[in-house]
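What follows is the residue order along each chain.
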Amino acid sequence: MGLPERITYQDERYPLLALAPIGKKNKQIRSIGHKFERGLLSRLNDTIMDHIYDNEWDVTKIRAYLNLTGEAVLPVSLQKDETVYPHLLRPELFLWRSLPAEHGLPLKEEFLYHKDFTHLSAEQLYRHIGHVLEDYMFLADVSKHTREHWLKRIADAFHNDPLIRLIHEKREVIESVETMNQSALLSVLKYPEDISYWRHRVEIVMRPYRAMPEDWLDGEKGSCSHEKELHFDSHHRTICCSCEICDFHLYYHVDHHCVSFEEDFDVERAEKRMNTIEKQFNEIAEQNTRLLDQLDQLRALRKKLAAAANTLDESLDTVQLIERYLQQRIDLQEYPVLDMYNKIKHITIPARKASHLLWLSDVELEDVTIFKELPKWLEVLPNQVYPLTHHVLDELQEKLEEVRYGEEDIILTVKGHSLTYAKTQQILDLIHYYGTDYPAHTLTQVLSGKATNKLRTLKLHETRWFGLLSDWPEKHVQKLFNQLEKQGWLMKQQKGYSVSDYAEEVM
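Residues numbered from 1 in each chain as written. Predicted model: local features only at pLDDT ≥ 70, side-chain atom pairs only at ≥ 80, totals over all residues. Heavy atoms only, no water.

A. Main features of unusual backbone geometry. Backbone geometry at Asn 67 places phi at a positive 60°, although glycine is not the residue there. In this structure, Asn 67 sits in the loop between α2 (60-66) and β2 (74-78). One non-glycine residue, Lys 459, adopts positive backbone phi at about 60°. Tracing the backbone through its elements, the reader meets Lys 459 in the loop between α19 (453-458) and α20 (474-486). (Helix = DSSP H or I, 4+ residues; strand = E, 2+ residues; numbered from the N terminus.)

Below you can see the structure in the form of structure tokens.
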């Protein structure tokens, strides 16, 4: 860190200045011969001395930061023509980095003060140099610790902030409010004007919490995993930490080990509002006792059906197989207990909690229309579900046997040529073994029994599928693959075909 010793030049006429060449092709300072430059450097040296005496500043830490020996405390850069570069170097240039010693200091705008100091009045120069020295002293303090150290300190102060501590304390309530605000259950609660007012208040109450990024809050003691930028304010002795991905900025106050945010939130008011928003929702829920009772009934139904889940799941799988054979949907309402199970098996209704908000936010329903079907379901479901569910499975398995393909059942017809189930099985075997190895026209030749030189070389003429459809015209065999794909037996691949999931199940 600091100024590279090899290119740094100190002139006894300006003891408080460390001179260094700037620019990649500017490798050394030969002399300071211009009258204007000598006068300018003298003014800078005197102004620095005035600040040290006026403010009683201890500038030794700047020398340590810049790795300087002697009295120099401020780097000033010279151009290749031995003229003073009109912008001073920002101290960030030397922070946590080593600069190459084989050429001049980097000429990058981000490391330069924008103000041209070469034509400032005495008063303006005094103010500018004071600001610059203040920056150097602050960065000298910062440099005593690593970047990782400061990021850890910032994250620690973030989680110790009163608002963040409140968020951690109220995390369950906050998440419940956000979930409930988007829940379909709101559409079936009575008194929509109360719901509308509650949702309006939510937008106000949640502002402080939504301003804090989830990735920081989830870190518990850390912060997000994204790359961060640090900017330094010497006047307020703060470090601004920014995450572009989180779109978040906070300010770490070095001397007080605390953070502040772009917006100042009243933590006490935020806590009161959060308590109020939970109370208001619970009051709304208490006016909807019928809905709460229905949720209890649905929970009891689900628990009762869960006891026969294996049988019911097998029944649903059987329905899917029947649908694949018939190639049409089955109306599950023909089997009320199965329809009921299919509609409520994925819902989540936990046991009641003291807070309706916390309870209802954990309720997961795929469709709120199930409340309309609940009375019918309560009538349908007996106390003992096993006899009924086994009866449904037996009935479905009988139906599956009825619709299963027989060996001579016709699967499809192409231009008067019929394909039986038995031959379909053999064609699917061919596709299973060779479907993705060879293009469709090669497979067509195998089925047609056309012993080309290519087939003989590949020894495909010796397979059990060779000539399986020799009584079909070759052009019709080509169309057969398209028909099997259209009906869902095959899937087109980059090269050839593969057997579909549908075919795997049916076979």
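B. Just a positive patch on the surface, in detail. Positive charge collects at one region of the surface, where Arg 6, Lys 25, Lys 27, Arg 30 and Lys 80 lie side by side. Within the secondary structure, Lys 27 sits in the loop between β1 (17-21) and α1 (35-55). (Patch = residues over 30% accessible without salt bridge, like charges linked within 9 Å, V, L, I, M, F, W, Y side chains within 5 Å. Areas by Shrake-Rupley, 256 points an atom, 1.4 Å probe, with all protein chains shown as cover. Salt bridge = Lys/Arg side-chain N within 4 Å of Asp/Glu carboxyl O. Lys, Arg positive; Asp, Glu negative; His and termini not counted. Charge placed at Lys NZ, Arg CZ, Asp CG, Glu CD.)

C. Summary view of the packing of aromatic side chains. This model, assessed by the stated rule, comprises 12 aromatic pairs. Between the aromatic rings of Phe 158 and Trp 216, the centroid separation amounts to 5.2 Å while the plane-to-plane angle is 65°, which identifies the pairing as edge-to-face. Of this pair, Phe 158 sits in helix α4 (residues 147-160) while Trp 216 sits in helix α9 (residues 214-217), and the two are 58 residues apart along the sequence. Since its relative accessible area comes to 0%, Phe 158 is described here as buried. For Trp 216, a relative accessible area of 1% gives the class buried. Pairwise contacts between aromatic rings join Phe 158, Trp 216, Phe 248 and Phe 261 into one cluster. (Phe/Tyr/Trp six-rings, centres within 6.5 Å; stacked < 30°, edge-to-face > 60°. Buried < 20%, exposed > 50% of the residue type's maximum accessible area, 1.4 Å probe, protein only.)

D. Structural context of the packing of helix α12 (residues 309-326) against helix α13 (residues 336-344). Where α12 meets α13, the axes come as close as 10 Å, and the angle between the chain directions of the two elements is 100°. With respect to their mutual orientation, α12 and α13 come out roughly perpendicular. Two secondary-structure elements touch here, α12 through Ala 309, Leu 312, Asp 313, Ser 315, Leu 316 and Val 319 and α13 through Leu 338, Tyr 341 and Asn 342. (Axes fitted to C-alpha atoms, helices over the stretch in contact; angles between N-to-C directions. Parallel < 35°, antiparallel > 145°, perpendicular 65-115°, else oblique. Contact = heavy atoms within 4.5 Å.)

E. Inspection of helix α15 (residues 370-380) at higher detail. Of the residues making up α15, those classed as buried are Ile 370, Phe 371, Glu 373, Leu 374 and Trp 377. Projection of α15 onto a plane perpendicular to its axis shows the buried side chains occupying an angular sector of 135°, all on one side. In α15, the exposed residues that point more than 90 degrees away from the buried face are Lys 372 and Glu 379. Structurally, α15 contributes buried residues whose contacts are with α11 (289-306) and α13. (Arc of directions from axis to C-beta.)

F. Layout of the nonpolar core. The biggest cluster of nonpolar side chains holds 164 residues, and the ones touching the most others in it are Tyr 209, Met 212, Ile 239 and Leu 360. The element best represented in this core is helix α3 (residues 122-142), accounting for 10 residues. Once residues within four sequence positions are removed from consideration, Ile 239 is found in contact with Phe 138, Val 142, Trp 150, Ile 154, Leu 230, His 231, Phe 232, Leu 250, Tyr 251, Tyr 252 and Val 254. (Core = buried A, V, L, I, M, F, W, Y, C linked by side-chain atoms within 4.5 Å.)

G. Just the pairing of strand β5 (residues 248-253), in detail. Burial of β5 is one-sided: the residues Phe 248, Leu 250 and Tyr 252 facing one way are buried, the residues His 249, Tyr 251 and His 253 facing the other way are not. As paired strands, strand β4 (residues 238-243) and β5 are joined by 6 bridges and run antiparallel to one another. Residue pairing for β5: Cys 243 is matched across the bridge by Phe 248. Linkage of β4 to β5, two consecutive antiparallel strands, is achieved through a turn of 4 residues, within which Asp 247 is found at a positive phi near 55°. Alignment of β5 against strand β6 (residues 258-261), held across 4 bridges, turns out to be antiparallel. For Leu 250, the partnering residue across the bridge sits in β6 and is Phe 261. Joining the antiparallel neighbours β5 and β6 is a turn of 4 residues, in which His 257 adopts a positive phi near 50°. (Pairing = 2+ DSSP bridges.)

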